[in-house]
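Reading the structure
Next come the chains, spelled out residue by residue.
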There are 6 protein chains.
Amino acid sequence: DFLVALEETKPLFGVAEEEFEECTRGGLIKFSPGIDSILDVGEADIRAVREPNSAELLTTLLHGPPGSGKTALAATLALGSEFPYIKLISPKNMIGMNDAMKVQQLDKIFRDADKSVLSVVVIDDIEGLLDWVPIGPRFSNTVLSALRNWLAKVPPKGRRRLVLATTSERSVLEQLGLLRQFTGQIAVPNVNSHDDLAAVLRESGVFTDKQAIKRILAELQDTTGESEVGVGIKRILDAVTRAKQSRDAPGRFAEIVAEYVVERTGASGQ
Amino acid sequence: DFLVALEETKPLFGVAEEEFEECTRGGLIKFSPGIDSILDVGEADIRAVREPNSAELLTTLLHGPPGSGKTALAATLALGSEFPYIKLISPKNMIGMNDAMKVQQLDKIFRDADKSVLSVVVIDDIEGLLDWVPIGPRFSNTVLSALRNWLAKVPPKGRRRLVLATTSERSVLEQLGLLRQFTGQIAVPNVNSHDDLAAVLRESGVFTDKQAIKRILAELQDTTGESEVGVGIKRILDAVTRAKQSRDAPGRFAEIVAEYVVERTGASGQ
Amino acid sequence: DFLVALEETKPLFGVAEEEFEECTRGGLIKFSPGIDSILDVGEADIRAVREPNSAELLTTLLHGPPGSGKTALAATLALGSEFPYIKLISPKNMIGMNDAMKVQQLDKIFRDADKSVLSVVVIDDIEGLLDWVPIGPRFSNTVLSALRNWLAKVPPKGRRRLVLATTSERSVLEQLGLLRQFTGQIAVPNVNSHDDLAAVLRESGVFTDKQAIKRILAELQDTTGESEVGVGIKRILDAVTRAKQSRDAPGRFAEIVAEYVVERTGASGQ
Amino acid sequence: DFLVALEETKPLFGVAEEEFEECTRGGLIKFSPGIDSILDVGEADIRAVREPNSAELLTTLLHGPPGSGKTALAATLALGSEFPYIKLISPKNMIGMNDAMKVQQLDKIFRDADKSVLSVVVIDDIEGLLDWVPIGPRFSNTVLSALRNWLAKVPPKGRRRLVLATTSERSVLEQLGLLRQFTGQIAVPNVNSHDDLAAVLRESGVFTDKQAIKRILAELQDTTGESEVGVGIKRILDAVTRAKQSRDAPGRFAEIVAEYVVERTGASGQ
Amino acid sequence: DFLVALEETKPLFGVAEEEFEECTRGGLIKFSPGIDSILDVGEADIRAVREPNSAELLTTLLHGPPGSGKTALAATLALGSEFPYIKLISPKNMIGMNDAMKVQQLDKIFRDADKSVLSVVVIDDIEGLLDWVPIGPRFSNTVLSALRNWLAKVPPKGRRRLVLATTSERSVLEQLGLLRQFTGQIAVPNVNSHDDLAAVLRESGVFTDKQAIKRILAELQDTTGESEVGVGIKRILDAVTRAKQSRDAPGRFAEIVAEYVVERTGASGQ
Amino acid sequence: DFLVALEETKPLFGVAEEEFEECTRGGLIKFSPGIDSILDVGEADIRAVREPNSAELLTTLLHGPPGSGKTALAATLALGSEFPYIKLISPKNMIGMNDAMKVQQLDKIFRDADKSVLSVVVIDDIEGLLDWVPIGPRFSNTVLSALRNWLAKVPPKGRRRLVLATTSERSVLEQLGLLRQFTGQIAVPNVNSHDDLAAVLRESGVFTDKQAIKRILAELQDTTGESEVGVGIKRILDAVTRAKQSRDAPGRFAEIVAEYVVERTGASGQ
Ligand SMILES: Nc1ncnc2c1ncn2[C@@H]1O[C@H](COP(=O)(O)OP(=O)(O)OP(=O)(O)O)[C@@H](O)[C@H]1O
Ligand SMILES: Nc1ncnc2c1ncn2[C@@H]1O[C@H](COP(=O)(O)OP(=O)(O)OP(=O)(O)O)[C@@H](O)[C@H]1O
Ligand SMILES: Nc1ncnc2c1ncn2[C@@H]1O[C@H](COP(=O)(O)OP(=O)(O)OP(=O)(O)O)[C@@H](O)[C@H]1O
Ligand SMILES: Nc1ncnc2c1ncn2[C@@H]1O[C@H](COP(=O)(O)OP(=O)(O)OP(=O)(O)O)[C@@H](O)[C@H]1O
Ligand SMILES: Nc1ncnc2c1ncn2[C@@H]1O[C@H](COP(=O)(O)OP(=O)(O)OP(=O)(O)O)[C@@H](O)[C@H]1O
Ligand SMILES: Nc1ncnc2c1ncn2[C@@H]1O[C@H](COP(=O)(O)OP(=O)(O)OP(=O)(O)O)[C@@H](O)[C@H]1O
Ligand SMILES: [Mg+2]
Ligand SMILES: [Mg+2]
Ligand SMILES: [Mg+2]
Ligand SMILES: [Mg+2]
Ligand SMILES: [Mg+2]
Ligand SMILES: [Mg+2]
């Protein structure tokens, strides 16, 4: 019935692939050596699950600041596994569901996964899934309970599962007792140094000439008084798009990014 | 199916336009150069979304004190975009709805938006939508969750969306983890200086002669001991209406505005 | 359809008038010049709404200590407006209704109001409507949300609305974010000075002779050691009724009022 | 229809009388002059309501320590009024009802009262009705809201109502904003002095001889080191019953009462 | 109808007796003179209720540390009363019931009791009935309210009721306002002194010879450094059972009891 | 009907056995003498229940850090008892159940157990069953109440029950008042010393040669500066699996374990 199980998951596979493509549409810019190490560790876990008589269940958490690329990295790893069952669990695909419906969907996905010999389940944005709000704080108890149990429950004999999860709120997961459920953790960094930023800009297709990049870095340094950038790749790419509309695109780009830096450091600014 | 999508949104367009007109009925008085800059930044975001192969999703927050004109400005920008789908989400149009119904309506509006190649959704008075009350504090978790996910969810391939949102409670949005979802922010100011106030009065159609204006400013300065006004444009316009009924309209106007100033500064007063 | 709208509201008018009469049954005793100023400001707002092409929506809050006469004053103003639609919203007429039913009734009243060219809606005892309890504190979120939105929502084009609201808990309204929704505020005073009290007694129909009044004031001063009364007109009138049963009516009256004074000042007493 | 209303309430009257008898079964022992003053003030309020063209609504609160006799006094006053409609509202007759059912019953009783020209409604043990628990604190919001509104709502024209309420938690009522709703308040005392206690014992039918009473008082003073008793009449009468079973009844009585005194003063004891 | 009432309660009686037997299966070991005093006071209350024209309602609370024998003592007293209606209310017989069902059952039992001239109702483990949890704290408001009212409600004329209740959380009952409802209280002690413990062991049927008992006491003193035991009779009897399995039963018994002592005193230990 | 009861439980037995096998699949590595003592104490409790006329009910709690092997040990003991009824209650088998359903299932299992003369019920991961979350804190009141009562309720006459429970949150159980319900407690340790770790590695089937083990211990000591390991057996075994994928398996193993140690001690690290 191994083949049957494979068959059964195939149609699901197609659907899921589409969801993952949305997350990887922007591609990966290897703006720092850290990006490759992340992929290495993730791929080792995939191998550990793929090999029979090895791990039945590994659960790996990608954590890092907002917009640092966690979802894109998890999706890339999942797609790369070529496991017969890969599936994305994301709050963005659960708008308007109440807690009971969310738990039902979670359950279905994990039960389906356990019909396949090999499966990857990506749990994206755990704090979003939990409807976490720092005020209160509030969160969904029932979703938390389902997650906790599914992270710990080993698949039936002969099946093997990899869970890749993402969060911007690692300390929250710790307080909720979820952190200790993971067998491994990977930190995802911001675009931090001027070198990182230059690497992104070179790949951006907008600020390709050296002079423009140099000017941007100089202005950024000037406005913020900081040599550290510390902004997520997502915002950097958004800033490129918005600045492009401006007559002085590089100047406007430096301005927008500077606002982000200042927001973080609390210096000057708004 | 691009044309089909356009067709489909047309009837919706009409309805929405009416709603927006209610918000812009009072017109815009350009009482300070800041008003034009606001419109500039907003229009740049509109251009960034309009242009194909550029931003799929931009989300811009207009924030400022109560009655400073946020709604009128957002509505003006939305109407000016001439996008095929523009829609207003406002708590005032959701009286008597429970949270589930609100989320359903939110969902419908965003899903409809994503059928159009280009769309603007105005989310007016976010704290009102959330039924935010500082005591407790209390707010709707389910509406918050829906907003958070819709602000982050990119439209399907080939569609592009601009979200314009307004709030008088920027710090609340920060605490709720909503602020970081926005790609851009615009601050909307009060009528602050005597020059600002004079500009408003000149356009009011009531206190048109120079002497009356001069007297009003003098009396305001006298009563409050302040050269800063710091009152929203909405209250200024209301004060004009109420004072008009008085035999000594300028005197009564200065009196009413002075009460507002004193309420803010805590000096003298009630 | 202007005439139709007028017609439609007429039958409602009768019902409402009865409700208002209950609030004004006791009449108004002008025990201090402040009472006339209150009526002046209120009537100015009525005029501002009555005049076409002027204010579309004015919202005025009467606030003051318990039993100071807020409801009687608001009802008197509403009846005096002679607007085609006047209506009273009061918690006393909503006993046994749950929050949803209250909001439904609120909605109906405001929607009906907006069918009339001119309307006055009296929202009596806002904290009562909200089921406000200082312990907790507790209050109805849904009623608050409905009130907040109806206070801000401008009537449809060509219709004009005046809202008169009353509260003994102005600071609570501030904490709840309701205060800033009002375009105007009027403070309603207690019976404060001995002159105020004498004026009330002269009109009471019980202690009409000068000597009795003089004795009452003297005994009050003696017992409480205070020349300030600081008691609401409602309690003063109740005390007259209760004291009337006593053999020594003036003495008993002074005694009862003294208890109220002492309760307030915390001096001597119980 | 005045006579009709009277007719209608008559059958209700009988039922209520039975309820009141349960509260007055133990009789009143006038152990101190304070008991007569309480009855005097209560009867004055009854007269003020009975007389036409006088008070439409008086609401009087009997407050005092647990077991001090509040219910018995309120019931005695109500029965003595000989008003055509008298009714007891008590949590003990509402066991197993949820809040909605309680409010419904409250409403029915007050609406029925307002069909009678004259009515007395006794609201016994307000904190019990509210399911008040100091931990939390917790209480029923909906019952509170109903009580608050019924205490304030004047009867329809031509009807007059007296409300007698009891509480052991006056300060709680103050915190809940209920206290200010009452037009009058009466404090009910404990059995406080040795003279009070002796008076009770003389009427008890058990410790009738002087020597026994003297011995009891002496032993009480000895054990507690207190000349103040400070125990409710209810516990005193219970202690008589329990001690009667003992071979040394006076000694056992002194022992039991001493335990109560010590519990209150915190001296020696358990 | 007195006989009818007796008849009606008879079948109930049988059922209840079975429940009580479960609580008294272990018998009573009179390990200290305190045990007899407890039974004396309880029996006096039974007599006071049994005698006509005496107490209509007595309510006695047995309070003491966990496992000190409260339930066994209350059950023994109830069975000994030989009243025609005796009934046990215990959370252990209400597993899976929601609050409404519990209150319904409570109501039925008390209403049935009031059909009998004489009744004993045992309310076992009040904090358990209330689902009391110190964290929060949490408890069932509706069960609390039902208990409070039934403890205070006097039976109908001619019927008499004794309530025996047990709790390990006397201070909780005080905070909940339940303590003052009881007409009497009895403290139940732990096995405290070495003499107490020796008495229990002598009756245990396991450690009957003097030497074994001596050794146990010595080892206990040695390990804990305490001459006070302070462990409930229930745990002592459990320790006997568990130790019996061991080759060195006395040594193992001392070990287990020492663990309990240390847990209490916080000395040495785990 | 003893035989009938046995029959009835047999089919249940098979099902349960499968559940237990999942928990014991990994086998037990006796990495320290503590493991044998745990099994000894547990087996003594089994004997005490098996022997007729001895304990009717014993309840034993296995507590220890996460992943220390509590579930595997409890399951091993239960399987070893060879009692006719053994059953596992685990949150992992209750995903998607609401509180009412969980309590129903708990009830069924315990009621079924009490049909068998001898039964073992394993309550695994009590804090998970209670949906315990430290933030708030939150937990299921109804499940707690059911557990508390089932832990205390003695089986019907002639039946005997052993309950084995596991928790990583012993102090939580104490705060919830559950701890005192247990007749016995057993502490389960981490892999603590280098000797413990070496014992595990020798049995791992991966790092079998002495040199590799020596190197691992040395590197661990170097990186962490600690000679204490303090990691649960579960994580140690997971680390073996993951490291196996690496070219330098021993080095990678030391690296992963070092991360766990550092996480615990807070030294160096992430
Ligand atoms: N090296 C990279 N790593 C990750 N994402 C990258 C990288 N280079 C480019 N990207 C692009 O940057 C964006 C990262 O967005 P993504 O949603 O993955 O971030 P995130 O950390 O999940 O954000 P959030 O905190 O909002 O969930 C994607 O559009 C992705 O295609
Ligand atoms: N420069 C201006 N900017 C905005 N509004 C203006 C301006 N000049 C005049 N107005 C008028 O002032 C009013 C501003 O009210 P608006 O409801 O937009 O304020 P708001 O900040 O959204 O208030 P709130 O905080 O209550 O939501 C409108 O009637 C608008 O027509
Ligand atoms: N000058 C006055 N202003 C208001 N009320 C007056 C005046 N003179 C007499 N009254 C009478 O005093 C009473 C005031 O009661 P009213 O219910 O209006 O007070 P309130 O402030 O609304 O009380 P509450 O705080 O309980 O709502 C009415 O019976 C009214 O007829
Ligand atoms: N002077 C008295 N005043 C009141 N009650 C008296 C007096 N003398 C004897 N009694 C008897 O004392 C008892 C008082 O009990 P009652 O229930 O009225 O007290 P309570 O204050 O309402 O108690 P609780 O605080 O429990 O509601 C009654 O049985 C009553 O008959
Ligand atoms: N003198 C005694 N008093 C009470 N119980 C005794 C005595 N001697 C022996 N026992 C036995 O000790 C056990 C006491 O347990 P019981 O359940 O009554 O205690 P408890 O205080 O109600 O416990 P819990 O606090 O758990 O409710 C019973 O099995 C009882 O038969
Ligand atoms: N001596 C041992 N004791 C317990 N488990 C062992 C031992 N040796 C090896 N193991 C294996 O280690 C694992 C222990 O995991 P188990 O789930 O029992 O731990 P746990 O303490 O219940 O974890 P959790 O805190 O997550 O519930 C099992 O796979 C078991 O087979
Ligand atoms: Mg993401
Ligand atoms: Mg606005
Ligand atoms: Mg009023
Ligand atoms: Mg009473
Ligand atoms: Mg007990
Ligand atoms: Mg476990």
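Rules of the game
Residues numbered from 1 in each chain as written. Chains lettered and ligands numbered in written order. Predicted model: local features only at pLDDT ≥ 70, side-chain atom pairs only at ≥ 80, totals over all residues. Heavy atoms only, no water. Contact = heavy atoms within 4.5 Å. Buried area = accessible area lost by both parts, 1.4 Å probe. Salt bridge = Lys/Arg side-chain N within 4 Å of Asp/Glu carboxyl O. Polar contact = N/O pair within 3.5 Å; in protein donor to acceptor, adjacent residues only side chain to side chain. Helix = DSSP H or I, 4+ residues; strand = E, 2+ residues; numbered from the N terminus. Near = heavy atom within 4 Å. Areas by Shrake-Rupley, 256 points an atom, 1.4 Å probe, with all protein chains shown as cover. Nonpolar A, V, L, I, M, F, W, Y, C, P; charged D, E, K, R; others polar. Buried < 20%, exposed > 50% of the residue type's maximum accessible area, 1.4 Å probe, protein only. Domains from an automatic or database assignment.

**Brief notes about the interface of chain A and chain B**
Taken together, the 27 residues of chain A in the interface contact 41 residues of chain B. Taking both sides of the interface into account, the surface hidden between chain A and chain B amounts to around 2,700 Å²; carbon and sulfur atoms contribute 47%. On the chain A side of the interface with chain B, the three residues burying the most area are Ile95, Ile135 and Gln245 of chain A, jointly 25% of the side's total. At the surface where chain A touches chain B, the tally comes to three salt bridges. Between Arg242 of chain A and Asp45 of chain B there is a salt bridge, with its nearest N and O atoms 3.2 Å apart. Counting every contact that joins chain A to chain B gives eleven residue pairs in polar contact (both at pLDDT 80 or more). Of all the secondary-structure elements, those providing two or more residues to the side of chain A that touches chain B are helix H10 (233-244) and helix H11 (249-265) of chain A. The biggest single contributor to the side of chain A that touches chain B is H10 of chain A, with five residues.

**So, the site of ligand 3**
Residue and element names in this part refer to chain C. As a structural note, the neighbourhood of ligand 3 is formed by 18 residues, with Gly27, Ile29, Gly69, Lys70 and Thr71 the closest of them. For ligand 3, an oxygen atom lies 2.7 Å from a polar atom in the backbone of Gly69. Between ligand 3 and Lys70, the relevant distance is 2.6 Å, taken from an oxygen atom to a side-chain nitrogen or oxygen of the residue. When the free accessible area of ligand 3 is taken as 630 Å², the share hidden by the protein chains comes to 87%. When residues of the shell around ligand 3 are traced back to their parent elements, those giving at least two are helix H3 (70-81) and helix H10 (233-244). It is H3 that contributes the most residues to the shell around ligand 3, four residues altogether. Looking at the shell around ligand 3, its residues break down into nine nonpolar, seven polar and two charged.

**Re the interface of chain E and chain D**
Between chain E and chain D, the contact holds 40 residues from the first and 27 residues from the second. Of the roughly 2,700 Å² buried at the junction of chain E and chain D (both faces included), carbon and sulfur atoms supply 46%. The tally of links between chain E and chain D comes to three salt bridges. Glu169 of chain D is paired through a salt bridge with Arg180 of chain E; the nearest N and O atoms lie 3.9 Å apart. Of all the secondary-structure elements, those providing two or more residues to the side of chain E that touches chain D are helix H2 (33-50), strand S1 (57-63), helix H4 (99-113), helix H6 (141-152), helix H7 (170-175) and strand S5 (184-187) of chain E. Broken down by class, the residue content of the side of chain E that touches chain D amounts to 18 nonpolar, ten polar and twelve charged.

**Some points on the pattern of salt bridges**
Scanning all chains against the criterion turns up 80 salt bridges over all chains. In this structure, the salt-bridge partner of Asp36 of chain E is Lys30 of chain E, at a minimum N-O distance of 3.1 Å. Looking at Asp36 of chain E, the relative accessible area reads 36%, which means it is partly exposed. Note on Lys30 of chain E: relative accessible area 48%, which makes it partly exposed. Note that Lys102 of chain F and Asp131 of chain F form a salt bridge whose closest N and O atoms lie 2.9 Å from each other. Note that Lys102 of chain F is positioned in helix H4 (residues 99-113) and Asp131 of chain F in the loop between helix H5 (126-129) and helix H6 (141-152), a separation of 29 residues in sequence. Note on Asp131 of chain F: relative accessible area 11%, which makes it buried. Where salt bridges share partners, they join Glu22 and Arg25 of chain A together with Glu56 of chain B into one cluster.

**Things to note about the domain arrangement of chain A**
All names here are of chain A. Once the domains are mapped, chain A shows domain 1 (2-187) and domain 2 (194-263). If you look at the interface, domain 1 gives seven residues, while domain 2 gives eight residues. Between domain 1 and domain 2, a total of about 610 Å² is buried, with carbon and sulfur atoms accounting for 74% of that surface. Taken together, the connections running from domain 1 to domain 2 amount to zero salt bridges. Where domain 1 touches domain 2, the interface holds two residue pairs in polar contact (both at pLDDT 80 or more).

**Remarks on the arrangement of the chains**
Between chain A and chain C there is no contact, and the shortest C-alpha to C-alpha separation is 15 Å. At their nearest point, the C-alpha atoms of chain B and chain D are still 15 Å apart, with no contact between the two.

**Re the site of ligand 1**
Residue and element names in this part refer to chain A. Near ligand 1 lie 18 residues; those nearest to it are Gly27, Ile29, Gly69, Lys70 and Thr71. The backbone of Gly27 places a nitrogen or oxygen atom 2.8 Å from an oxygen atom of ligand 1. Contact with the protein chains removes 87% of the 630 Å² of surface that ligand 1 exposes when unbound. Among the secondary structure elements, those contributing two or more residues to the shell around ligand 1 are helix H3 (70-81) and H10. Counting residues per element, the shell around ligand 1 draws most heavily on H3, which supplies four residues.

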